[in-house]
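Structural features, examined
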Amino acid sequence: MTAARLLLVAAALAAASSAQAQTALSYRAPGVDPHVYQADQHRYEIDRLRAQADQREAFARQLQLEARLTRLEIEAARQPEPVQPPSYRALRSPEEERALRESATRRRQNTTAGVAQIDAWLDRSAR
């Protein structure tokens, strides 16, 4: 019985392989080169992908234009800021200017004197 089953399985496998061979042979039409057919399929797929990429690029450009228009509309709808007059420098009399320069000179001299005292004290402790 096992030999009969083996023979039956072998016959079934042989029939299946011959069916596959027939479909492979019938797939090729006479006069059609399979490499040319495959190249055409690739070319069509590449063209389809390029067209899809072009559509996406056009859509992206459209969205950019819409965003720019929306931004311009929002900016146009804003209330303009009130014009503020420029702040002018306070004009001082020559006497006030002189007093300010002298007080700045005194502050610099006091700062320098304080630093000189600190330097003298540091030099004294190092000896």
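Residues numbered from 1 in each chain as written. Predicted model: local features only at pLDDT ≥ 70, side-chain atom pairs only at ≥ 80, totals over all residues. Heavy atoms only, no water.

**Describing the overall build of the protein**
Counting secondary structure elements, the protein contains 3 helices and 0 strands. When the helices and strands of the protein are placed in sequence order, the string is α-α-α. Taken across its 127 residues, the protein has 1% of its residues classed as buried. As displayed, the protein has an accessible area near 12,500 Å², and 60% of this comes from carbon and sulfur atoms. (Helix = DSSP H or I, 4+ residues; strand = E, 2+ residues; numbered from the N terminus. Buried < 20%, exposed > 50% of the residue type's maximum accessible area, 1.4 Å probe, protein only. Areas by Shrake-Rupley, 256 points an atom, 1.4 Å probe, with all protein chains shown as cover.)

**Some details on the pattern of salt bridges**
Tallied over the entire structure, the rule returns 6 salt bridges. Linking Arg-71 and Glu-75 is a salt bridge whose minimum nitrogen-to-oxygen distance equals 3.8 Å. Here Arg-71 pairs with Glu-75, and both are found in helix H2 (residues 34-77), just 4 residues apart, close to one helical turn. Given the relative accessible area of 47%, Arg-71 is considered partly exposed. Residue class for Glu-75 comes out partly exposed when judged on its relative accessible area of 39%. Note that Glu-97 and Arg-92 form a salt bridge whose closest N and O atoms lie 3.7 Å from each other. A relative accessible area of 23% places Glu-97 in the partly exposed class. Of the residues examined, Arg-92 reaches a relative accessible area of 42% and is grouped as partly exposed. (Salt bridge = Lys/Arg side-chain N within 4 Å of Asp/Glu carboxyl O.)

**Considering a nonpolar patch on the surface**
Together, Ile-118, Trp-121 and Leu-122 make up an exposed nonpolar region whose accessible area comes to about 330 Å². Within the secondary structure, Ile-118 sits in helix H3 (residues 94-126). Looking at Ile-118, the relative accessible area reads 51%, which means it is exposed. (Patch = residues over 30% accessible without salt bridge, like charges linked within 9 Å, V, L, I, M, F, W, Y side chains within 5 Å.)

**Brief notes about the confidence of the model for the protein**
In regions of low pLDDT, the predicted coordinates are not meant to be interpreted in detail. Across the protein, the average pLDDT comes to 82, with 78% of residues at or above 70. Note that residues 21-26 has pLDDT below 50 and, in this model, 0 contacts with residues that lie over four places away or in other chains. (pLDDT = per-residue confidence, 0-100. Contact = heavy atoms within 4.5 Å.)

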